[in-house]
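If you want the building blocks of each chain, they are given just below.
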Amino acid sequence: MALKAVHVSDVPNLDQVPEKPSLALYSTRFSQGVEIGRTSFKPSNFLVVGHRGNGMNLLQSSDRRMKAVKENSILSFNSAANYPIDFIEFDVQVTKDDCPIIFHDNFILTQENGTIYERRVTELTVAEFLSYGPQKEESVTGKPLLRKTKDGKIVSWTVETDDSVCTLKEAFEKVNASIGFNIELKFDDHIVYEQDYLVRVLQAILHVISEHAKGRPIIFSSFQPDAALLVKKLQTAYPVFFLTNGGTEIYYDVRRNSLEEATKLCLEGGLEGIVSEVKGIFRNPGAVNKIKGSKLSLMTYGKLNNVPEAVYMQHLMGIDGVIVDLVQEITEAVSNLVKKPEEVEDEILLEGEEKVQNRPQFSQRELSFLLKLIPELIQ
């Protein structure tokens with residue numbers, strides 16, 4: 001696709017999206033509320049977000065938890081909702097007949113008569129997309145679903161509890177209404193997109209949201225800088241975060257290559273925050289104060305977020321939330337480690353019983369030392 005300059009001032013607003021979405025369906029986990037506005041997103045507590053629902057699938061992993069439930073499915077989303085999480089994160093693409101669907105990979109694979117077929121997801125119709133994998137009607141057999149691993153190996157997409165692929169509309173209709181949606185606007189890193197195409201895709205997504213959100217908390221995020229800027233221009237109801245590797249990988253688009261560039265993009269485009277690979281934060285902990293000082297929210301993703309101690313360190317650093325795969329383990333750890341001051345004060349000790357402190361205690365000097373040590377440890 002040819003490159004065209006993106007002038008967000010030339011893009012009209014999508015009038016159907018409400019200016020002030022209702023917060024009526026927030027659950028008790030949102031009892032303190034979150035400020036969703038045009039210039040700020042201030043979580044009242046440390047957020048835990050389920051990655052692709054109850055966690056991504058790593059089919060080559062020996063860890064059964066990474067193959068327990070089909071990622072990016074209604075079953076995975078509702079499984080995550082059984083735990084005290086705040087949002088689920090999932091990937092949205094748009095089919096060639098303008099239907100927003102939930103799927104991470106750029107290509108979808110199947111096998112027929114011993115031959116493997118690969119098709120780009122965005123070149124399918126929604127009916128073709130839904131024909132892959134388990135079907136909602138038991139009498140119908142779907143196409144076998146395969147997956148290409150990062151090292152190029154093609155494997156059967158086999159998990160312990162399978163489920164159908166789904167559309168964004170179905171997620172709004174079938175997922176526990178108390179859970180917020182972190183909608184990643186998914187685009188191929190290897191394609192330069194025309195502005196007209198981006199606008200068409202984003203408007204298709206926003207149309208579904210305007211029809212079906214019904215007050216559900218929503219955050220947009222994207223690695224695609226122009227898509228992030230455009231979705232901020234097309235609507236003002238929901239916060240937009242820029243996804244970045246935080247300098248851990250290098251791309252042709254310099255806006256993707258550092259936390260400094262991410263901060264600059266957010267400030268110039270009026271975005272609410274950054275979601276960084278956690279290694280990018282640990283390698284450059286000094287960036288946290290600069291980001292927070294710019295009145296931007298900061299969240300992270302990555303494998304280290306499945307380690308409770310790494311999550312707790314981020315809480316101490318002032319990070320607003322983490323996207324995790326091990327939802328049960330990390331929500332339990334956060335409940336134990338990250339308590340509000342009033343909750344700590346309310347703890348009453350029984351007579352003769354010693355208080356058990358679950359949270360690590362660091363002096364300011366020790367914390368400063370840890371922040372200097374961590375970048376060296378993860379190089």
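Because the structure is predicted, anything quoted here is derived from the model rather than measured.

*Asks:* Sorry if this is basic, but what is going on with the overall build of the chain here?
*Replies:* Of regular secondary structure, the chain possesses twelve helices and 16 strands. In the chain, which comprises 379 residues, the proportion classed as buried is 52%. The long-range share in the chain, meaning contacts at least 24 apart out of those at least 6 apart in sequence, stands at 68%. About 18,500 Å² of surface is accessible on the chain, with carbon and sulfur atoms providing 50% of the total.

*Asks:* Honestly, the nonpolar core in this entry has me stumped. Any pointers?
*Replies:* As a rule of thumb, nonpolar side chains are buried together in soluble globular proteins. Formed by 77 residues in total, the largest nonpolar core has its most connected members in Ile 183, Ile 209 and Phe 220. Ranked by residue count, the leading element in this core is helix H4 (residues 195-212), at ten residues. Residues in contact with Ile 209, not counting those within four places in the same chain, are Leu 168, Phe 172, Ile 183, Ile 218, Phe 220 and Tyr 238.

*Asks:* What is the right way to look at empty space enclosed by the protein in this model?
*Replies:* Empty pockets left among the atoms are what a rolling probe the size of a water molecule brings to light. In this structure the tally under the stated criterion is three cavities of 30 Å³ or more. Its boundaries defined by the atoms lining it, the largest cavity holds a volume of some 70 Å³. Lining the largest cavity are Gln 93, Val 94, Asn 106, Arg 120, Thr 122, Lys 186, Phe 187, Asp 188, Tyr 193, Tyr 197 and Val 201. When contributions to the lining of the largest cavity are tallied by element, the ones reaching two or more residues are strand S4 (87-94) and H4. Of the residues in the lining of the largest cavity, the class split is five nonpolar, three polar and three charged. Its boundaries defined by the atoms lining it, the second largest cavity holds a volume of some 50 Å³. Every residue lining the second largest cavity is listed: Lys 70, Glu 71, Asn 72, Ile 102, Phe 103, His 104, Trp 157 and Val 165. Residue composition of the lining of the second largest cavity, by class: four nonpolar, two polar and two charged.

*Asks:* Help me understand a positive patch on the surface in this model?
*Replies:* Residues Lys 150, Lys 279, Arg 283 and Lys 303 make up a contiguous surface patch of positive charge. By the secondary structure assignment, Arg 283 is in helix H7 (residues 278-283).

*Asks:* What should I look at first to understand the pairing of strand S7 (residues 115-120) in this one?
*Replies:* Within a regular strand, side chains alternate between the sheet's two faces. Two strands pair when backbone bridges link them, and strand S6 (residues 107-112) and S7 are joined in this way by six bridges, in the antiparallel orientation. By the bridge assignment, Gln 111 is partnered in S7 with Ile 116. Between S6 and S7, which pair antiparallel and follow one another directly, the connecting turn spans two residues, one of which, Asn 113, has a positive phi of 55 degrees.

*Asks:* I'm lost on the pattern of salt bridges in this one. Help?
*Replies:* Close approach of charged atoms allows side chains with opposite charge to pair. In total, this model carries 20 salt bridges according to the counting rule given. Across the pair Arg 200 and Asp 98 runs a salt bridge, and its minimum N-O distance is 2.0 Å. Residue Arg 200 is located in helix H4, and its partner Asp 98 is located in the loop between S4 and strand S5 (100-102); the two are separated by 102 residues in the primary sequence. Under the relative-accessibility criterion, Arg 200 is labelled partly exposed at 32%. The exposure class of Asp 98 is partly exposed, given its relative accessible area of 38%. Put simply, Arg 119 and Glu 128 hold a salt bridge, and the shortest N to O gap is 3.6 Å. On the basis of relative accessibility, which here comes to 33%, the residue Arg 119 falls in the partly exposed class.

*Asks:* Just to check I follow, could you spell out the confidence of the model for the chain for this structure?
*Replies:* As a general rule, the predicted coordinates of low-pLDDT regions are not to be interpreted in detail. Summing up the model confidence of the chain, the mean pLDDT is 85 and the portion of residues at 70 or higher is 79%. Note that pLDDT drops below 50 for residues 1-39; the model gives that stretch 93 contacts with residues more than four away or on any other chain. Segment residues 347-357 is flagged for pLDDT under 50; beyond a separation of four residues in sequence, or across chains, it makes four contacts in the model.

*Asks:* Sorry, what's going on with the packing of H4 against helix H5 (residues 225-234) here?
*Replies:* Angle between the axes and distance between the axes are the two parameters that describe a pair of packed helices. It is at 10 Å that the axes of H4 and H5 come closest, and there the two elements cross at 50 degrees. Comparing the axis directions of H4 and H5 gives the class oblique. You can see that H4 and H5 cross each other, and the crossing is right-handed. Every residue of H5 that contacts H4 at Leu 198, Val 199, Leu 202, Gln 203 and Leu 206 is listed here: Asp 226, Ala 227, Leu 230, Val 231 and Leu 234.

*Asks:* Would you explain the packing of helix H9 (residues 308-317) against helix H10 (residues 327-337) in this entry?
*Replies:* Running from N to C, H9 and H10 cross one another at 45 degrees; their axes reach a closest spacing of 10 Å. When the axes of H9 and H10 are compared, the pair comes out oblique. In terms of crossing hand, the pair formed by H9 and H10 is right-handed. Here H9 contributes Pro 308, Val 311 and Tyr 312 to the contact with H10, which in turn contributes Ile 330, Ala 333, Val 334 and Leu 337. Grouping the constituent residues of the contact of H9 with H10 by class yields seven nonpolar, no polar and no charged.

*Asks:* Can you help me understand the environment of Ala 204 in this one?
*Replies:* By secondary structure assignment, the location of Ala 204 is in helix H4. For Ala 204 and Gln 93, which are 111 residues apart along the polypeptide, the C-alpha to C-alpha distance reads 9.9 Å. The residues contacting Ala 204, other than those within four sequence positions of it, are Val 94, Asp 98 and Pro 100.

*Asks:* What's the story with helix H6 (residues 259-269) in this structure? I'm lost.
*Replies:* In an α-helix there are 3.6 residues to a turn, and that puts residues three or four apart on one side. Every buried residue of H6 is accounted for by Leu 259, Ala 262, Thr 263, Leu 265 and Cys 266. Across the axial projection of H6, the buried residues extend over an arc of 160 degrees, all falling on one side. Buried residues belonging to H6 abut H5, strand S13 (240-244), strand S14 (273-277), H7 and helix H8 (286-293). Immediately downstream of H6, the backbone of Gly 270 shows phi near 75 degrees, a positive value.

Criteria and thresholds
- Residues numbered from 1 in each chain as written.
- Predicted model: local features only at pLDDT ≥ 70, side-chain atom pairs only at ≥ 80, totals over all residues.
- Heavy atoms only, no water.
- Helix = DSSP H or I, 4+ residues; strand = E, 2+ residues; numbered from the N terminus.
- Buried < 20%, exposed > 50% of the residue type's maximum accessible area, 1.4 Å probe, protein only.
- Contact = heavy atoms within 4.5 Å.
- Areas by Shrake-Rupley, 256 points an atom, 1.4 Å probe, with all protein chains shown as cover.
- Core = buried A, V, L, I, M, F, W, Y, C linked by side-chain atoms within 4.5 Å.
- 1 Å grid on protein atoms, 1.4 Å probe; cavity = no way out; pocket = protein on both sides within 12 Å on 5 of 7 lines; lining within 4 Å.
- Points joined across faces, edges and corners; volume = space filled by probe spheres on them.
- Nonpolar A, V, L, I, M, F, W, Y, C, P; charged D, E, K, R; others polar.
- Patch = residues over 30% accessible without salt bridge, like charges linked within 9 Å, V, L, I, M, F, W, Y side chains within 5 Å.
- Salt bridge = Lys/Arg side-chain N within 4 Å of Asp/Glu carboxyl O.
- Lys, Arg positive; Asp, Glu negative; His and termini not counted.
- Charge placed at Lys NZ, Arg CZ, Asp CG, Glu CD.
- Pairing = 2+ DSSP bridges.
- pLDDT = per-residue confidence, 0-100.
- Axes fitted to C-alpha atoms, helices over the stretch in contact; angles between N-to-C directions.
- Parallel < 35°, antiparallel > 145°, perpendicular 65-115°, else oblique.
- Left-handed = near helix turned anticlockwise from the far one by under 90°.
- Arc of directions from axis to C-beta.

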